[in-house]
Amino acid sequence: MTCKLSAIVAVCDDWGIGLDGGMVVENREDMRHFVACTTGHPVIMGRRTLESFPGGRPLKNRRNIVLTRDPSFSREGVEAVHSVEEALDAVAGEDEAWVIGGDQVYRQLLPRCERAVVTCNHCVRPVDSWFPNLDENPEWEVADVREGGATPEGVGFEFVTYCRA
């Protein structure tokens, strides 16, 4: 059985996703959405994404797989892999796995993803990392749009699901 690979990400209008290892829009509804989508499934991330979590601890109720070039990387509760192939082998028997960042991991694994669940925050913030703009990629099409509301600071957002065309 082949694992369905999906990406989940929060972006700004310019497809920016982060600054100095952190997210640029605080959005509790997006966090709830992320938890609802990924709980019970493996998540694949880079080392810096793991380190951005509170205490650098793995996410609860999920297999945490870290794709890293560092052969000595080890962390309790985390499976370290060192190539895209190793990451795919690690989830081969699963029904679905989620790619959760950062930008280098998204770029490596997005070509293998069947869908991308994108929280579109309607703002532009200073960023140093980006997600590929799926609106400009003919391989992707919008499958669903769900209104999200606004953050406490007034940033409007929506949840957009993209699927391979």
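Please refer to the structure placed before this passage.
Every value quoted in this text rests on a predicted model; they were computed, and no experiment measured them.

S.K.: Looking at this structure, how should I read the environment of Ser-52?
M.R.: Among the secondary structure elements, Ser-52 is positioned in helix H2 (residues 47-52). Along the primary structure Ser-52 and Met-23 are separated by 29 residues, whereas in three dimensions their C-alpha atoms are 9.0 Å apart.

S.K.: Teacher, can you tell me more about the sheet that holds strand S10 (residues 156-164) here?
M.R.: By way of backbone hydrogen bonds, the strands of a sheet pair with one another, either parallel or antiparallel. With respect to topology, eight strands assemble into an open sheet ordered S5-S4-S3-S6-S1-S7-S10-S9, the strand pairing being mixed. Every interior strand has two partners, whereas the edge strands, strand S5 (78-81) and strand S9 (140-150), have only one. Averaged over all adjacent pairs, the angle separating strand axes in this sheet is 25°, with direction ignored. Each of strand S1 (4-11), strand S3 (43-46), strand S6 (96-101), strand S7 (115-121), S9 and S10 is contacted by helix H1 (residues 28-38), which is oriented at about 175° to S1, the strand it contacts most.

S.K.: Hey, could you run me through the pattern of salt bridges in this one?
M.R.: Side chains bearing opposite charge may pair, as long as their charged atoms lie close to each other. The full count for this structure, using the stated rule, is nine salt bridges. A salt bridge links Glu-94 to Arg-63; its shortest N-O distance comes to 2.8 Å. Within this pair, whereas Glu-94 is found in the loop between helix H3 (84-90) and S6, its partner Arg-63 is found in the loop between H2 and strand S4 (64-67), the two being separated by 31 residues in sequence. Given the relative accessible area of 22%, Glu-94 is considered partly exposed. It is possible to trace a salt-bridge network through shared partners that takes in Arg-47, Glu-51 and Arg-75.

Parameters at a glance
- Residues numbered from 1 in each chain as written.
- Predicted model: local features only at pLDDT ≥ 70, side-chain atom pairs only at ≥ 80, totals over all residues.
- Heavy atoms only, no water.
- Helix = DSSP H or I, 4+ residues; strand = E, 2+ residues; numbered from the N terminus.
- Pairing = 2+ DSSP bridges.
- Axes fitted to C-alpha atoms, helices over the stretch in contact; angles between N-to-C directions.
- Contact = heavy atoms within 4.5 Å.
- Salt bridge = Lys/Arg side-chain N within 4 Å of Asp/Glu carboxyl O.
- Buried < 20%, exposed > 50% of the residue type's maximum accessible area, 1.4 Å probe, protein only.

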